[in-house]
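Each chain, letter by letter, is given below.
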Amino acid sequence: MTDRPAILFLCLGNICRSPLAEGAARAAFAAAQIEAALDSAGTGDWHVGRAPDPRAQAEARRRGIDIGDLRARQLGRLDFRRFDLILAADTANLRDARALMPIDARARLALMLDLVPGRAGQSVADPYYGAEDGFAATWDDVSAVAAALVATYGSSE
């Protein structure tokens, strides 16, 4: 095991919430000069190989971050050995991850917003079927998660 945290962000299709979370975390960790292995995945396979939703990419770009090179993939059993922490966007994703989790998993599972004071147990809203402003709200949530992660891992050095 390495000192470098390994964190996986998880949502349903890996084209909205989890790639936004990965992008926010990459930017926050880079700004704090903390090395981390960061990735994202979905519990479903509908979008495997596709880039993030164009609205998610547009929101990230508005925040100065390019997530266009990310590609959707599905959560697999090996992820539970590769990552220290798997953060799910909502309770359904958390439940699905727990069902797949092998006995010898090293990863700890939690909701993304469990890390944000006052938000434990809450879900990151899925903006996929809503208006574009939903992507801004999702970005605000995942940015708060990224800041909480940086505070946690930055203080452990």
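Residues numbered from 1 in each chain as written. Predicted model: local features only at pLDDT ≥ 70, side-chain atom pairs only at ≥ 80, totals over all residues. Heavy atoms only, no water.

Engineer: Would you take a moment to explain the sheet that holds strand β3 (residues 85-88) for this structure?
Structural biologist: For sheets, the rule is that strands pair by backbone hydrogen bonds, running either parallel or antiparallel. Ordered in space as β2-β1-β3-β4, the four strands form an open sheet in which the pairing is parallel. Here the strands that pair on one side only, and so sit at the sheet edges, are β2 (37-42) and β4 (108-111). Neighbouring strand axes in the sheet, compared pairwise and without regard to direction, differ in orientation by 25° on average. With six bridges connecting them, strand β1 (residues 6-11) and β2 associate as parallel partners. By the bridge assignment for β2, A6 is matched with A37. The strands touched by helix α1 (residues 17-31) within the sheet are β1 and β2, with β2 carrying the most contacts at an inclination of about 175°. Lying over the sheet, helix α4 (residues 91-100) contacts β1, β3 and β4, oriented at roughly 165° with respect to β4. (Pairing = 2+ DSSP bridges. Helix = DSSP H or I, 4+ residues; strand = E, 2+ residues; numbered from the N terminus. Axes fitted to C-alpha atoms, helices over the stretch in contact; angles between N-to-C directions. Contact = heavy atoms within 4.5 Å.)

Engineer: So what exactly am I meant to see when it comes to the packing of aromatic side chains here?
Structural biologist: Think of a pair of aromatic rings as described by two things: how far the centres are apart, and how the planes are tilted against each other in angle. Tallying each qualifying case throughout the model produces two aromatic pairs. Measuring from ring centre to ring centre gives 6.3 Å for F29 and Y153, while their planes differ by 40°; the resulting arrangement is tilted. Placement of the pair is F29 in helix α1 and Y153 in helix α5 (residues 133-154), with a sequence separation of 124 residues. You can call F29 buried: its relative accessible area is 2%. What makes Y153 buried here is its relative accessible area of 19%. A ring pair is formed by Y128 and Y129, whose centres lie 4.8 Å apart and whose planes are at 85°; its orientation type is edge-to-face. With relative accessibility at 28%, the residue Y128 sits in the partly exposed group. Over the aromatic face of Y128 sits the side chain of R55, whose NZ or CZ is 5.5 Å from the ring centroid. (Phe/Tyr/Trp six-rings, centres within 6.5 Å; stacked < 30°, edge-to-face > 60°. Buried < 20%, exposed > 50% of the residue type's maximum accessible area, 1.4 Å probe, protein only. Lys NZ or Arg CZ within 6 Å of the ring centre and 35° of its normal.)

Engineer: Could you clarify how one ought to interpret the packing of helix α2 (residues 54-62) against α5 in this entry?
Structural biologist: The packing of two helices is summarised by the inter-axis angle and the distance between the axes. Put simply, α2 and α5 touch, their axes get as near as 9 Å, and they point 60° apart. With respect to their mutual orientation, α2 and α5 come out oblique. Judged by the twist between their axes, the crossing of α2 over α5 is right-handed. Seen from α2, the contacting residues are R55, A56, E59 and A60; seen from α5, they are F135, A136 and W139. The residue makeup of the contact of α2 with α5, split by class, is five nonpolar, no polar and two charged. (Parallel < 35°, antiparallel > 145°, perpendicular 65-115°, else oblique. Left-handed = near helix turned anticlockwise from the far one by under 90°. Nonpolar A, V, L, I, M, F, W, Y, C, P; charged D, E, K, R; others polar.)

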